[in-house]
Amino acid sequence: MVRKANRDDVGRIIELLHQVNMVHHVIRPDLFKPYTTKYNESELEELLGDESKPVFVFDDGEVRGHAFCQVTEVKGHQLLEDVKTLYIDDICVDEASRGRHVGRALYEYVRDYARSIGCHNITLNVWEGNEAALCFYRNMGMKVQKTGMEVILD
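Conventions we followed
- Residues numbered from 1 in each chain as written.
- Predicted model: local features only at pLDDT ≥ 70, side-chain atom pairs only at ≥ 80, totals over all residues.
- Heavy atoms only, no water.
- Helix = DSSP H or I, 4+ residues; strand = E, 2+ residues; numbered from the N terminus.
- Rg over C-alpha atoms; globule rule 2.2 N^0.38 Å.
- Buried < 20%, exposed > 50% of the residue type's maximum accessible area, 1.4 Å probe, protein only.
- Areas by Shrake-Rupley, 256 points an atom, 1.4 Å probe, with all protein chains shown as cover.
- Lys, Arg positive; Asp, Glu negative; His and termini not counted.
- Charge placed at Lys NZ, Arg CZ, Asp CG, Glu CD.
- Contact = heavy atoms within 4.5 Å.
- Pairing = 2+ DSSP bridges.
- Axes fitted to C-alpha atoms, helices over the stretch in contact; angles between N-to-C directions.

Caption draft 1: Inspection of the overall build of the protein chain at higher detail. When its secondary structure is counted, the protein chain shows four helices and five strands. Relative to its length of 154 residues, the protein chain is compact, with a C-alpha radius of gyration of 16 Å against a globular reference of 15 Å. By principal-axis analysis of the C-alpha atoms, the protein chain measures approximately 45 × 45 × 30 Å. Buried positions account for 38% of the 154 residues belonging to the protein chain. Here the protein chain has roughly 9,900 Å² of accessible surface; of this, 50% comes from carbon and sulfur atoms. With 19 positive and 26 negative side-chain charges, the protein chain shows a spacing of 5 Å between the two charge centroids.

What follows is the structure, encoded as structure tokens:
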């Protein structure tokens, strides 16, 4: 049910990206504009051809969720150990499909994919205030790696 996304999925992924954006807009309207997406159709089509940034979808006859990923490697760094990481840039489950284990299926597929390509770890960011996402990722076994902080000046 989880597979690599293709050009036929672009329209549906754009719809899901709108949902993700609105979650972020509600939490942080000072940072996220409403009713938009981080990619347009042509940018998304180009991204689907980038092997270092795989996009996966949950498809049971309809695309019900997606996972945008990025593979990064540190090699020969003076301070850091050599490491290959899979960063989950975005996971979205359609609002109408939540509670049906779509997110779990996507996460487990991404985890298995990361293992299969020799990744040491999986990382992601969650916006403060997105309690549903925090709870989900903790249930998947993830732990805090680092904390980002801010002060708003205006």
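Caption draft 2: Structural context of the side chain of Arg28. On the secondary structure map, Arg28 appears in the loop between α1 (10-27) and α2 (41-47). For Arg28, a relative accessible area of 13% corresponds to the buried category. Beyond its immediate sequence surroundings of up to four residues, Arg28 is in contact with Trp127, Glu150 and Ile152.

Caption draft 3: Representation of the pairing of strand β3 (residues 63-74) within the structure. Inspection of the sheet shows strand β2 (residues 55-59) paired to β3 by five bridges, in the antiparallel sense. Paired with Phe56 across the two strands is Ala67, which belongs to β3. Remark: three residues form the turn of the hairpin made by β2 and β3, two consecutive strands paired antiparallel; Gly61 in that turn has positive phi of roughly 110°. Sheet analysis places β3 next to strand β4 (residues 83-93), joined by 10 bridges and oriented antiparallel. Residue pairing for β4: Gly65 is matched across the bridge by Val93.

Caption draft 4: Structural context of the sheet that holds β2. Strand order in the open sheet made by the five strands is β1-β2-β3-β4-β5, with mixed pairing throughout. Since the sheet does not close on itself, it has two edges, and those belong to β1 (2-4) and β5 (121-124), each with one partner. Geometrically, the sheet is characterised by an average inter-axis angle of 30° between neighbouring strands, direction not taken into account. As paired strands, β1 and β2 are joined by three bridges and run antiparallel to one another. From the neighbouring strand, Val2 faces β2, where its bridge partner is Phe58.

Geometric values such as these leave the question of function open.
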